Amino acid sequence: MVKEHHKTPDASDDHAAITVEGLVNRFGSHVVHEDLDLTLQRGEILGVVGGSGTGKSVLLRSIVGLKKPDGGHIDVLGNRLDELSDAERSQVERRFGVLFQRGALFSSLTLQENVALPLIEHAKLSREEAEYLARIKLALVGLPPQAARQFPESLSGGMVKRAALARALALDPDIL
């Protein structure tokens, strides 16, 4: 199987992966970010650390489009998010792999089914193809083959985190 990769309008390898300029985030009178700038180049790895309530998750939610900033703008893969149509924005957002803090796996699905779901829904693969790739992704994050048939509640916290990473990697995102 060959995966075709289509770039969204104006996306170019010359652009930074993520550029945040003048970001402002507020909740009522509480200011979380004021004039925050950040540039993340392609291939660069960034760890965001800080105390509880300092805005780490709010920053990431803004970058992936889950929270509209109160000011400033965000460019992702050469696309200014606030200037895109809903359809164009959706195409950019599909290039993200998101790993949630507590895994956010579906408890009624096995690990294999959790990882296969985005492949079926977004890549339109057959269930058989998606589950095959899901087993590969689970192996890539260091889970044993028998884990694929297990449900999240029967696993350790570390195994759940690995499964959530496999799901975040399922669609081979440009940004994780």
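Shown above is the structure to which this text applies.
Fair warning: this is a prediction, and the values are worked out from it, not measured in the lab.

The rules behind each value
- All residue numbers refer to positions counted from 1 along the written sequence of the respective chain.
- In view of the model being predicted, local features appear only for residues whose pLDDT reaches at least 70, and side-chain atom pairs are presented and counted only at 80 or more, with totals across whole chains, interfaces and linings using the full set of residues.
- As a convention, hydrogens and water are excluded, and side-chain values are obtained from all of the structure's heavy atoms.
- Pairs of strands are assigned from DSSP output, requiring at least two bridges between the strands.
- Helix and strand definitions follow DSSP, with helices as H or I runs of at least four residues and strands as E runs of at least two, each counted in order from the N terminus.
- In what follows, a contact means two residues having at least one pair of non-hydrogen atoms within 4.5 Å.
- Working convention: axes come from line fits to C-alpha atoms, limited for helices to the stretch in contact. Angles between N-to-C directions cover 0 to 180 degrees.
- Any N or O atom pair separated by 3.5 Å or less is treated as a polar contact, with the protein-specific requirement of one donor-capable and one acceptor-capable atom, and with residues adjacent in sequence counted only for side-chain atom pairs.
- The cut-offs for exposure are 20% and 50% of the maximum accessible area for each residue type, with area from a 1.4 Å probe on protein chains only; residues under the lower value are buried, those over the upper are exposed, and the others partly exposed.

Considering the sheet that holds strand S3 (residues 71-76)
Item 1. Ordered in space as S2-S1-S3-S4, the four strands form an open sheet in which the pairing is antiparallel. Here the strands that pair on one side only, and so sit at the sheet edges, are strand S2 (30-40) and strand S4 (79-80).
Item 2. As defined by bridge partners, strand S1 (residues 18-27) adjoins S2 across seven bridges and the pair is classed as antiparallel. Residue pairing in the sheet places Leu 23 in a bridge with Leu 36 of S2.
Item 3. Contacting S1, S2 and S3, helix H1 (residues 56-63) runs over the sheet at an angle of about 120 degrees to S1.

Brief notes about the side chain of Asn 79
Item 1. Locating Asn 79 in the fold gives a position in strand S4.
Item 2. Among the polar contacts made by the side chain of Asn 79, one reaches the main-chain carbonyl oxygen of Leu 77 at a distance of 3.0 Å.

Examining unusual backbone geometry
Item 1. For Leu 77, which is not glycine, the phi torsion reads 50 degrees and is therefore positive.
Item 2. For Leu 77, the location among the structural elements is in the loop between S3 and S4.
Item 3. Among the residues examined, Leu 77 registers a relative accessible area of 2% and is labelled buried.

Description of the pairing of S1
Item 1. Taken across its ten residues, S1 has seven buried, putting it largely inside the fold.
Item 2. The hairpin formed by S1 and S2 contains two residues between the paired strands, and Gly 28 there has a positive phi angle of roughly 65 degrees.
Item 3. Note that S1 and S3 share five bridges and pair antiparallel. By the bridge assignment, Glu 21 is partnered in S3 with His 73.

Focus on the environment of Asp 37
Item 1. Among the secondary structure elements, Asp 37 is positioned in strand S2.
Item 2. Using a relative accessible area of 55% as the deciding quantity, one classes Asp 37 as exposed.
Item 3. Spatially, the C-alpha atoms of Asp 37 and Ala 166 are 30 Å apart, while their sequence positions differ by 129 residues.
Item 4. Sequence-distant contacts of Asp 37, defined by excluding residues within four places in its chain, comprise Val 20, Glu 21 and Gly 22.

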